[in-house]
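Here are the chains, one letter per residue:
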Amino acid sequence: MKQIFKIYIPSACISFTLTALLTCISNLLQGNAGIYNAWFLQMFAFIVVVDILDFALGYINFKSYFAYLITEFALTYIAMLGFCYFGNWFSFSLHNLVLISIIFVIVYSSVHFYFYKMSHMQADEINSLLNH
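Residues numbered from 1 in each chain as written. Predicted model: local features only at pLDDT ≥ 70, side-chain atom pairs only at ≥ 80, totals over all residues. Heavy atoms only, no water.

1. Remarks on the packing of aromatic side chains
Thought 1: Scanning the model with the defined rule gives 16 aromatic pairs in all.
Thought 2: With a centroid separation of 6.2 Å and 70° between ring planes, the pair formed by Y8 and F55 is classed as edge-to-face. Of this pair, Y8 sits in helix α1 (residues 2–29) while F55 sits in helix α2 (residues 37–57), and the two are 47 residues apart along the sequence.
Thought 3: When its relative accessible area of 14% is taken as the criterion, Y8 is described as buried.
Thought 4: F55 sits in the partly exposed class, given a relative accessible area of 40%.
Thought 5: Look at F73 and Y108: their rings are 5.0 Å apart centre to centre, the planes differ by 85°, and that puts the pair in the edge-to-face class. Here F73, found in helix α3 (residues 65–86), pairs with Y108, found in helix α4 (residues 94–131); they are 35 residues apart in sequence, far enough to count as distant. (Phe/Tyr/Trp six-rings, centres within 6.5 Å; stacked < 30°, edge-to-face > 60°. Helix = DSSP H or I, 4+ residues; strand = E, 2+ residues; numbered from the N terminus. Buried < 20%, exposed > 50% of the residue type's maximum accessible area, 1.4 Å probe, protein only.)

Have a look at this one:
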């Protein structure tokens with residue numbers, strides 16, 4: 001239960017917020033003023049699926065963190081492409097695919113950077129308490 005509040009809820013919030021903001025900005029820059037409410041629900045479902053994938057990957061003993069990161073990145077990217085295709089989020093042109101991939105990398109990197117910094121800060125706090 002502690003992991004849900006410490007990891008999964010913040011992850012879902014950060015991912016949803018950054019994705020919604022970057023997509024809205026992208027739509028406005030491309031001249032698309034409207035966005036469908038169904039997209040937000042589909043995006044939330046996608047983020048829940050990503051959190052479930054991350055939870056399941058936590059039970060696999062990877063030989064390195066890099067192997068875990070690459071596996072998670074690939075599965076999340078494939079899931080995103082599936083949601084994009086079946087949700088008709090965009091037409092699969094090269095331009096759109098590159099743009100969506102850039103947004104994906106920004107969001108994915110931001111979430112991992114957030115949790116890296118949180119872990120680092122917690123480790124520093126523990127070390128500080130141990131040194132006193």
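2. Quick look at the side chain of S101
Thought 1: Within the element layout of this structure, S101 appears in helix α4.
Thought 2: Here the side chain of S101 touches Y77 through a polar contact of 2.6 Å, side chain to side chain. (Polar contact = N/O pair within 3.5 Å; in protein donor to acceptor, adjacent residues only side chain to side chain.)

3. A short note on α1
Thought 1: Taking 1.5 Å per residue as the helical rise, α1 with its 28 residues ought to reach 40 Å, and the 40 Å between its terminal C-alpha atoms agrees with that figure.
Thought 2: At Y8, α1 is bent by approximately 30°, the largest bend along its length, and proline P10 sits one to four residues beyond.
Thought 3: Every buried residue of α1 is listed here: Y8, P10, S11, A12, S15, T19, A20, T23, S26 and N27.
Thought 4: Once α1 ends, the next one or two residues include G31, with phi positive near 90°. (Expected span 1.5 Å × (residues − 1). Bend = angle between axes of the 7 residues up to and from the residue.)

4. Thoughts on the confidence of the model for the chain
Thought 1: Of the residues in the chain, 95% reach a pLDDT of 70 or more, and the chain-wide mean stands at 86.
Thought 2: The spread of mean pLDDT over the elements of the chain runs between α1, the lowest at 82, and α3, the highest at 94. (pLDDT = per-residue confidence, 0-100.)

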